[in-house]
Amino acid sequence: MREISIKTEFIRLDQLLKYCNVVNTGGEAKILIKEGKVKVNGEVILQRGKKIRNGDVVEFNGNKIKVIYEK
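Quick summary incoming for the structure in this document.

Scoring rules and cut-offs
Residues numbered from 1 in each chain as written. Predicted model: local features only at pLDDT ≥ 70, side-chain atom pairs only at ≥ 80, totals over all residues. Heavy atoms only, no water. Helix = DSSP H or I, 4+ residues; strand = E, 2+ residues; numbered from the N terminus. Rg over C-alpha atoms; globule rule 2.2 N^0.38 Å. Buried < 20%, exposed > 50% of the residue type's maximum accessible area, 1.4 Å probe, protein only. Contact = heavy atoms within 4.5 Å. Areas by Shrake-Rupley, 256 points an atom, 1.4 Å probe, with all protein chains shown as cover. Lys, Arg positive; Asp, Glu negative; His and termini not counted. Charge placed at Lys NZ, Arg CZ, Asp CG, Glu CD. Arc of directions from axis to C-beta.

## Concerning the overall build of the protein chain
The helix and strand tally for the protein chain stands at two helices and seven strands. For the protein chain, the α and β elements follow one another from N to C terminus as β-β-α-α-β-β-β-β-β. Relative to the globule expectation of 11 Å for 71 residues, the C-alpha radius of gyration of the protein chain, 11 Å, shows essentially globular dimensions. Along the three orthogonal principal directions, the C-alpha set of the protein chain runs to about 35 × 20 × 20 Å. Out of the 71 residues belonging to the protein chain, those deemed buried represent 31%. Partitioning the contacts of the protein chain with sequence separation of at least 6, the portion at a separation of at least 24 is 47%. By element, 43% of the accessible surface of the protein chain is carried by carbon and sulfur atoms, the whole surface being about 4600 Å². The positive charge centre, built from 15 side chains, and the negative charge centre, built from 9, are 3 Å apart in the protein chain.

Encoded structure:
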């Protein structure tokens, strides 16, 4: 599992996918999320603006990303 540090309280799901270089564009992230190919904490999420917070685990295409909030 890959860990990603963020400096803010949350990051939007589509922004996280771009930040982690899982997708190339926000448009690509939007499509994958709307198609139900992304999970947050084991649950399919269809909202690209879903707020991802400390400890959340995002899954996509066999990859797991855990978000760590560092003040």
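## Looking at the environment of Ile11
Counting through the fold element by element, Ile11 comes out in strand E2 (residues 10-12). Of the residues examined, Ile11 reaches a relative accessible area of 11% and is grouped as buried. With 23 residues separating them in the primary sequence, Ile11 and Lys34 have C-alpha atoms 18 Å apart. Discounting residues that sit within four places of it in the chain, Ile11 has contacts with Ile6, Leu16, Tyr19, Lys50, Lys51 and Ile52.

## Some details on helix H2 (residues 26-34)
Within H2 the residues assigned to the buried category are Ala29, Leu32 and Ile33. Buried residues of H2, seen end-on, are gathered within an arc of 100° and therefore sit on one face of the element. Close packing links the buried residues of H2 with helix H1 (13-19), strand E3 (38-40) and strand E6 (57-60). Positive phi appears at Gly36, one or two residues downstream of H2, with a value of about 80°.

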